[in-house]
Amino acid sequence: MTRALDARTSEPSGEIAGRLFVVACSLGIAAGIVAIAGMLLAAAAFATASTFTIPLVATFEGFRDAGGTNAVTVTGSWAMAGGLTTLLAILLSHFMLRRFGSAARA
């Protein structure tokens, strides 16, 4: 039995391009969220001279140096931060494509 190409089920190229655009924007938004969260945690650790830890991702250690000035040390894993960004981007793009993709077809 041969399978014929069914034109009704194939997606137009504009819809595929739109989906790729949503995925690319989701990746950018997720990277921005992770970066902003990291900067806020570093600022909080600096200001309060306390330590914040995100398990497997990063540790923000705030302290006062010998002169009494606040300082911060950030130790982390770029691979885990990238994995967190990728996971967040997948979740965001899945939500956007499920939520608004079905409304466009209706």
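Computed from a predicted model, the values in this text were never measured in an experiment. (Residues numbered from 1 in each chain as written. Predicted model: local features only at pLDDT ≥ 70, side-chain atom pairs only at ≥ 80, totals over all residues. Heavy atoms only, no water.)

Broken down by element type, the chain carries two helices and three strands. Start at the N end of the chain and walk to the C end: the helices and strands fall as α-β-β-β-α. Across the 106 residues that make up the chain, the buried fraction comes to 14%. Sequence separation of at least 24 residues holds for 37% of the intrachain contacts in the chain that already meet a minimum separation of 6. Accessible surface, the chain: about 8,000 Å² in total, of which carbon and sulfur atoms supply 70%. (Helix = DSSP H or I, 4+ residues; strand = E, 2+ residues; numbered from the N terminus. Buried < 20%, exposed > 50% of the residue type's maximum accessible area, 1.4 Å probe, protein only. Contact = heavy atoms within 4.5 Å. Areas by Shrake-Rupley, 256 points an atom, 1.4 Å probe, with all protein chains shown as cover.)

In this section: the layout of surface pockets. When its volume is computed, the largest pocket comes out at roughly 350 Å³. Considering the residues around the largest pocket, the lining is formed by 17 residues, among which Val34, Val57, Ala58, Phe60 and Ala81 are closest to the centre. Those elements that provide at least two residues to the lining of the largest pocket are α1 (13-48), β2 (58-64), β3 (70-76) and α2 (78-105). With seven residues, α1 is the largest single contributor of residues to the lining of the largest pocket. The residue makeup of the lining of the largest pocket, split by class, is 14 nonpolar, three polar and no charged. (1 Å grid on protein atoms, 1.4 Å probe; cavity = no way out; pocket = protein on both sides within 12 Å on 5 of 7 lines; lining within 4 Å. Points joined across faces, edges and corners; volume = space filled by probe spheres on them. Nonpolar A, V, L, I, M, F, W, Y, C, P; charged D, E, K, R; others polar.)

Moving on: the sheet that holds β2. Taken in spatial order, the three strands of this open sheet run β1-β2-β3, and their pairing is antiparallel. Of all the strands in the sheet, the pair left with one neighbour each is β1 (51-54) and β3. Ignoring which end each strand starts from, the neighbouring axes of this sheet average 10° apart. Direction of pairing for β2 relative to β3: antiparallel, over a ladder of seven bridges. (Pairing = 2+ DSSP bridges. Axes fitted to C-alpha atoms, helices over the stretch in contact; angles between N-to-C directions.)

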